[in-house]
Amino acid sequence: DAGITQSPRHKVTETGTPVTLRCHQTENHRYMYWYRQDPGHGLRLIHYSYGVKDTDKGEVSDGYSVSRSKTEDFLLTLESATSSQTSVYFCAISVLGTDTQYFGPGTRLTVL
Amino acid sequence: AQTVTQSQPEMSVQEAETVTLSCTYDTSESNYYLFWYKQPPSRQMILVIRQEAYKQQNATENRFSVNFQKAAKSFSLKISDSQLGDTAMYFCAFMKPQGGSEKLVFGKGTKLTVNP
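Residues numbered from 1 in each chain as written. Chains lettered and ligands numbered in written order. Predicted model: local features only at pLDDT ≥ 70, side-chain atom pairs only at ≥ 80, totals over all residues. Heavy atoms only, no water.

Caption draft 1: Region of interest: the overall build of chain A. Counting its regular elements, chain A contains 0 helices and 11 strands. Reading the helices (α) and strands (β) of chain A from amino to carboxyl end gives β-β-β-β-β-β-β-β-β-β-β. On the principal axes, the C-alpha backbone points of chain A span a range of 40 × 30 × 25 Å. Of the contacts made within chain A by residues no fewer than 6 positions apart, 54% connect residues no fewer than 24 positions apart. A total of about 5,100 Å² of accessible surface is found on chain A, and carbon and sulfur atoms cover 48% of it. Considering chain A, the positive charge centre built from 11 side chains and the negative charge centre built from 12 side chains are found 3 Å apart. (Helix = DSSP H or I, 4+ residues; strand = E, 2+ residues; numbered from the N terminus. Contact = heavy atoms within 4.5 Å. Areas by Shrake-Rupley, 256 points an atom, 1.4 Å probe, with all protein chains shown as cover. Lys, Arg positive; Asp, Glu negative; His and termini not counted. Charge placed at Lys NZ, Arg CZ, Asp CG, Glu CD.)

Listed below in structure tokens is the structure:
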């Protein structure tokens, strides 16, 4: 357990509405990541952060934005949700010096 | 770009027996890491084992061990004395060290069922 929580754990929303998912960590890790998991694709990187206010795009960043105003929180925002963004979203942290990522419990998002 | 292939979408094994899950990857890098993650029905992604490419010795963690063949770009996971709690999706993943901006590249997973 790397002290990672995600909220909400489940969310159902409608197409076109904004959605924000929160990742919170308690152990002051510098690097944080957002992945999405879809059947047949494994996990794919959306965005990552290497410090407060320092973020960059991953493999599937279109339609997503992120923010990190403090070390412990990394927010993922869907400005206008679409049905293709129905997925399970995982937050991860990287433990410095180990090059190993540990995951939060995930958020299941359904966009109707 | 790196790719990870898990050729077995589903496998099953009897309790107490041994099973091996296959993983191959494609990269031109010489320094990298390989991982196996387990995802039980609870959905939590749990690190099972980690291998550093520059280490020739195969990693082991209790009943879990890997067969790392760098030249063949193969990284299989062996589970000994399978238990019902090992029932899960297993994902193989590749990572190139980049000072923190690493991304994990995942295979599509193997669904393992342990039968009583």
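Let us keep going from here.
Caption draft 2: Examining the sheet that holds strand 8 (residues 73–78) of chain A more closely. All names here are of chain A. The 4 strands are arranged 1-3-8-7 in an open sheet whose pairing can be described as antiparallel. Of all the strands in the sheet, just strand 1 (4–7) and strand 7 (64–70) have a single pairing partner and so form its edges. In this sheet, neighbouring strand axes are inclined to one another by 20° on average, regardless of whether the strands run parallel or antiparallel. Sheet topology places strand 3 (residues 19–25) next to strand 8; 6 bridges connect them, and they run antiparallel. Each residue of the ladder has a partner; that of His24, found in strand 8, is Asp73. (Pairing = 2+ DSSP bridges. Axes fitted to C-alpha atoms, helices over the stretch in contact; angles between N-to-C directions.)

Caption draft 3: Main features of the nonpolar core. All names here are of chain B. In terms of nonpolar packing, the biggest core is built from 26 residues, with Tyr25, Trp36, Phe75, Leu77 and Tyr90 touching the most fellow members. Listed by contribution, the elements that provide at least two residues to this core are strand 3 (19–21), strand 5 (33–39), strand 6 (46–52), strand 8 (64–69), strand 9 (74–79), strand 10 (88–95) and strand 12 (110–115). With 4 residues, strand 10 is the largest single contributor of residues to this core. Aside from chain neighbours lying at most four places away, what touches Tyr25 is Thr3, Val4, Tyr32, Leu34, Phe68, Gln69, Lys70, Lys73, Ser74, Phe75 and Phe94. (Core = buried A, V, L, I, M, F, W, Y, C linked by side-chain atoms within 4.5 Å. Buried < 20%, exposed > 50% of the residue type's maximum accessible area, 1.4 Å probe, protein only.)

Caption draft 4: Main features of the state of the cysteines. Under the definition given, this model contains 2 disulfides over all chains. Across the disulfide, Cys23 of chain A is cross-linked to Cys91 of chain A (sulfur-sulfur distance 1.9 Å). Between Cys23 of chain A and Cys91 of chain A, the S-S torsion sits near -70°, and that sign places the bridge as left-handed. Here the residue Cys23 of chain A occupies a position in strand 3, and Cys91 of chain A occupies one in strand 9 (residues 87–95), the gap between them amounting to 68 residues. Overall, Cys23 of chain A belongs to the buried group, its relative accessible area being 0%. Paired by a disulfide, Cys23 of chain B and Cys92 of chain B hold their sulfur atoms 2.0 Å apart. Taking the sign of the S-S torsion, about -70° here, the bridge from Cys23 of chain B to Cys92 of chain B comes out left-handed. With Cys23 of chain B in the loop between strand 3 and strand 4 (24–26) and Cys92 of chain B in strand 10, the pair connects residues that are 69 residues apart, well separated along the chain. (Disulfide = S-S within 2.5 Å.)

Caption draft 5: Here's a closer look at the layout of surface pockets. Empty space within the largest pocket amounts to approximately 370 Å³. Lining the largest pocket are 21 residues; nearest its centre among them are Gln37 and Arg108 of chain A together with Gln39, Arg43 and Met89 of chain B. Of all the secondary structure elements, the ones that give two or more residues to the lining of the largest pocket are strand 4 (31–38) and strand 9 of chain A together with strand 10 and strand 12 of chain B. Class assignment for the residues of the lining of the largest pocket results in 8 nonpolar, 8 polar and 5 charged. There is about 240 Å³ of room inside the second largest pocket. (1 Å grid on protein atoms, 1.4 Å probe; cavity = no way out; pocket = protein on both sides within 12 Å on 5 of 7 lines; lining within 4 Å. Points joined across faces, edges and corners; volume = space filled by probe spheres on them. Nonpolar A, V, L, I, M, F, W, Y, C, P; charged D, E, K, R; others polar.)

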